[in-house]
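As a plain string of letters, each chain reads:
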Amino acid sequence: MSTNGSRCIYCNGPLGEPIFRDVRDRLRVSARTWTFRRCRVCGSAVLDPMPSLEELTAAYPETYAFDQAPQTGWLSHLLYTLETTLFYHPIYRHSARQTVKVTGLRDGWLLDIGGGTGHRTRFFRMLGFRCIVLDVDRRPLRIAQARFGLPAIQALSEEPPLVCGSLDLITFFYIVEHLPDPIRALQAAYHTLRPGGWVAIAVPLISGGHARWLGSRWGQITEAPRHVSLPTPEGMRWLLGRTGFRLQRWEAMHPLDEAGVLSLSLLPSASSPIACAAPERMLLRMLRLAGGLLTLALWPIALLLRVRFGPSLGIFFGRKAE
Ligand SMILES: [Zn+2]
């Protein structure tokens, strides 16, 4: 364990009372329990105490992304194709188009930080970007290179080994909530971007309808200690402001994305690290299929929660001064 001095990692404000105690890792990789405290200034939820670097490294299972394990057999291949075509591809396509619409960028150099297998990154390439995937883990990067032909760099998000001022756009899709020091990662992004460059950051939001409805059963909370924080929009405004960016706009992510998160909160064993780790095991494939069907059933509830309480997954667009 390490202490963050009970300060918020977004706004540096003091952390108040615990909002979620005795949180257990839904994947059961981490054996101990965790506590989230709410920031008194921006309302973000932050683990206190923070896991140590060793605890964090040990908390990631071998398969973390849905597309990391090889597909064997016609049935597992069919289910994988259905899942990517009906679920992931619409979400990825939407986030790439959303980014183009907000930033006005049509091409240029893009660095996808924590991009893993590059599955989402290639939807940006289809729109005209020249893309590089950066990840701390070498295993998914091999897939990014071999399957999608994407240039890949193994490095920490805080230390991208690229020339200062060289990039037009840096994306962080569901990465910031994993970082004990997101300020360092955003500072590094700021230096790597050209003047007028953009950053796009997708995060789960503690302020949204999911956390209100499910409380400590929400899958984004039981993702602790891999999730060390869950920001509010105000926390994201602080994070961008403290690292030199101006928040230009923020929007909700695709409603299907939110429905999927809701589904895996109610059926954690259908989540990628469990159900996608061994595609040859029929029971796991069936669990994944059940998670998919539950996602469809929960879509209206996800929409209702968003309308009533605000988005539970948001994307924030910040810009470096010209
Ligand atoms: Zn704060």
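Our subject is the structure that appears above.
Because the structure is a prediction, the values reported are computed rather than measured.

Cut-off values and rules
- Residues numbered from 1 in each chain as written.
- Predicted model: local features only at pLDDT ≥ 70, side-chain atom pairs only at ≥ 80, totals over all residues.
- Buried ≥ 20, exposed ≤ 12 C-beta atoms within 10 Å, placed from the backbone.
- Helix = DSSP H or I, 4+ residues; strand = E, 2+ residues; numbered from the N terminus.
- Pairing = 2+ DSSP bridges.
- Arc of directions from axis to C-beta.
- Contact = placed C-beta atoms within 7 Å.
- Axes fitted to C-alpha atoms, helices over the stretch in contact; angles between N-to-C directions.
- Left-handed = near helix turned anticlockwise from the far one by under 90°.
- Nonpolar A, V, L, I, M, F, W, Y, C, P; charged D, E, K, R; others polar.
- Expected span 1.5 Å × (residues − 1).

Caption draft 1: Here's a closer look at the pairing of strand β11 (residues 313-319). Among the seven residues of β11, seven are classified as buried, and the element is accordingly described as predominantly covered. Side chains Leu313, Ile315, Phe317 and Arg319 project from β11 onto one buried face, and the interleaved Gly314, Phe316 and Gly318 project onto a second face that is buried too. For strand β10 (residues 246-252) and β11, the ladder comprises six bridges, and the chain directions are antiparallel. Note that in β11 the partner of Ala252 across the bridge is Gly314.

Caption draft 2: Quick look at the environment of Leu266. Summarising the element assignment, Leu266 is placed in helix α8 (residues 255-266). Residues Leu266 and Leu294, spaced 28 residues apart in sequence, show a C-alpha to C-alpha distance of 9.0 Å.

Caption draft 3: Quick peek at helix α4 (residues 138-146). Listed as buried for α4 are Pro140, Leu141, Ile143 and Ala144. Down the axis, α4 shows its buried residues gathered within 155 degrees of arc, on one side only. Away from its buried face by more than 90 degrees, α4 exposes Arg138 and Ala146. Against the buried residues of α4 lie β5 (129-135) and β6 (152-154).

Caption draft 4: Structural view of the sheet that holds strand β9 (residues 229-230). The strand order β1-β2-β3-β9 describes an open sheet built from four strands, whose pairing is antiparallel. Each edge of the sheet is formed by a strand with only one pairing partner; in this case those strands are β1 (15-24) and β9. Where β1 and strand β2 (residues 33-39) come together, five bridges link them in antiparallel fashion. The residue of β2 that forms the bridge with Pro18 is Arg37.

Caption draft 5: Looking closely at the packing of α8 against helix α10 (residues 282-309). Here α8 crosses α10 at 115 degrees, and the two axes come no closer than 7 Å. Judged by the sense of rotation from one axis to the other, the crossing of α8 with α10 is right-handed. Contact residues: Pro255, Leu256, Glu258, Ala259, Gly260, Leu262, Ser263, Leu264 and Leu266 in α8; Gly291, Leu294, Thr295, Leu298, Trp299, Ile301, Ala302, Leu303 and Arg306 in α10. Of the residues that constitute the contact of α8 with α10, the class distribution is 12 nonpolar, four polar and two charged.

Caption draft 6: Representation of helix α2 (residues 74-103) in the model. An ideal rise of 1.5 Å per residue puts 44 Å on 30 residues; α2 measures up with 41 Å between its terminal C-alpha atoms. All buried positions along α2 are accounted for by Ser76, Phe87, Ile91, Tyr92, Ser95, Ala96 and Thr99. Those residues of α2 hidden inside the fold are in contact with α3 (121-126), β8 (193-204), α8, α10 and β11. Taken from the residues just after α2, Gly104 is the one with a positive phi, measuring 75 degrees.

Caption draft 7: Spotlight on the sheet that holds strand β7 (residues 167-173). On the basis of which strands lie adjacent, the open sheet formed by seven strands has the order β6-β5-β4-β7-β8-β11-β10 and mixed pairing. Across the chains shown, the open sheet's two edge strands, defined by having one partner strand only, are β6 and β10. Each adjacent strand pair in this sheet contributes to an overall mean axis angle of 20 degrees, direction not counted. Relative to β7, strand β4 (residues 108-113) runs parallel, the two sharing four bridges. Opposite Ile113, over in β7, you have Phe172 as the bridge partner. Sheet strands touched by α4: β5 and β6. Its angle to β6, the strand with the most contacts, is close to 170 degrees.

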